[in-house]
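# Structural overview for review
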Amino acid sequence: AYISSLNAIENKTGILMSPHITFREYLQATAPLLATAVRAFTELTAIAEVALYSAHRLEENTASTAEKLTASITEELHSEPA
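Computed from a predicted model, the values in this text were never measured in an experiment.

With that settled, the discussion passes to helix α4 (residues 62-79). Relative to the 26 Å expected for 18 residues at 1.5 Å per residue, α4 spans 26 Å between its end C-alpha atoms, a close match to the ideal helical length. Of all the positions in α4, only Thr62, Ala66, Leu69, Thr70, Ser72, Ile73, Glu76 and Leu77 are classed as buried. In a view along the axis of α4, the buried residues occupy a sector of 165°, so they form one face of it. Exposed positions of α4 whose direction lies more than 90 degrees from the buried face are Ala63, Lys68, Glu75, His78 and Ser79.

A complete count under the given rule lists four aromatic pairs for this structure. With centroids separated by 4.4 Å and ring planes inclined at 20°, the aromatic side chains of Tyr2 and Phe23 adopt a geometry described as stacked. With Tyr2 in helix α1 (residues 2-13) and Phe23 in helix α2 (residues 23-34), this residue pair connects regions lying 21 residues apart in the sequence. The class of Phe23 is buried, set by a relative accessible area of 15%. Seen from their ring centres, Phe23 and Tyr53 are 6.3 Å apart, and the 55° between their planes marks the pair as tilted. One end of the pair, Phe23, is in helix α2; the other, Tyr53, is in helix α3 (residues 38-53), and 30 residues separate them in sequence. Judged by its relative accessible area of 62%, Tyr53 is exposed.

What counts, and at which threshold
Residues numbered from 1 in each chain as written. Predicted model: local features only at pLDDT ≥ 70, side-chain atom pairs only at ≥ 80, totals over all residues. Heavy atoms only, no water. Helix = DSSP H or I, 4+ residues; strand = E, 2+ residues; numbered from the N terminus. Expected span 1.5 Å × (residues − 1). Buried < 20%, exposed > 50% of the residue type's maximum accessible area, 1.4 Å probe, protein only. Arc of directions from axis to C-beta. Phe/Tyr/Trp six-rings, centres within 6.5 Å; stacked < 30°, edge-to-face > 60°.

Read these as geometric descriptors, not functional statements.
Right, dumping it as structure tokens:
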């Protein structure tokens, strides 16, 4: 879900995710350009960080939440003016 959203955001903003940038740094760099999608991308970024870096198990509904956030981000980016 994060990769799908990342691709959509890279296409919309022109800001590419570099290997040396953290998820949070990428969020900070793109947030001013995301308008209404920033809320969903902030939440998705937090989920991705927990999934990748935390020892805590994710809740069962986390994957479906991530997919819903991705759908929301994609829809919001396509509805914003270019």
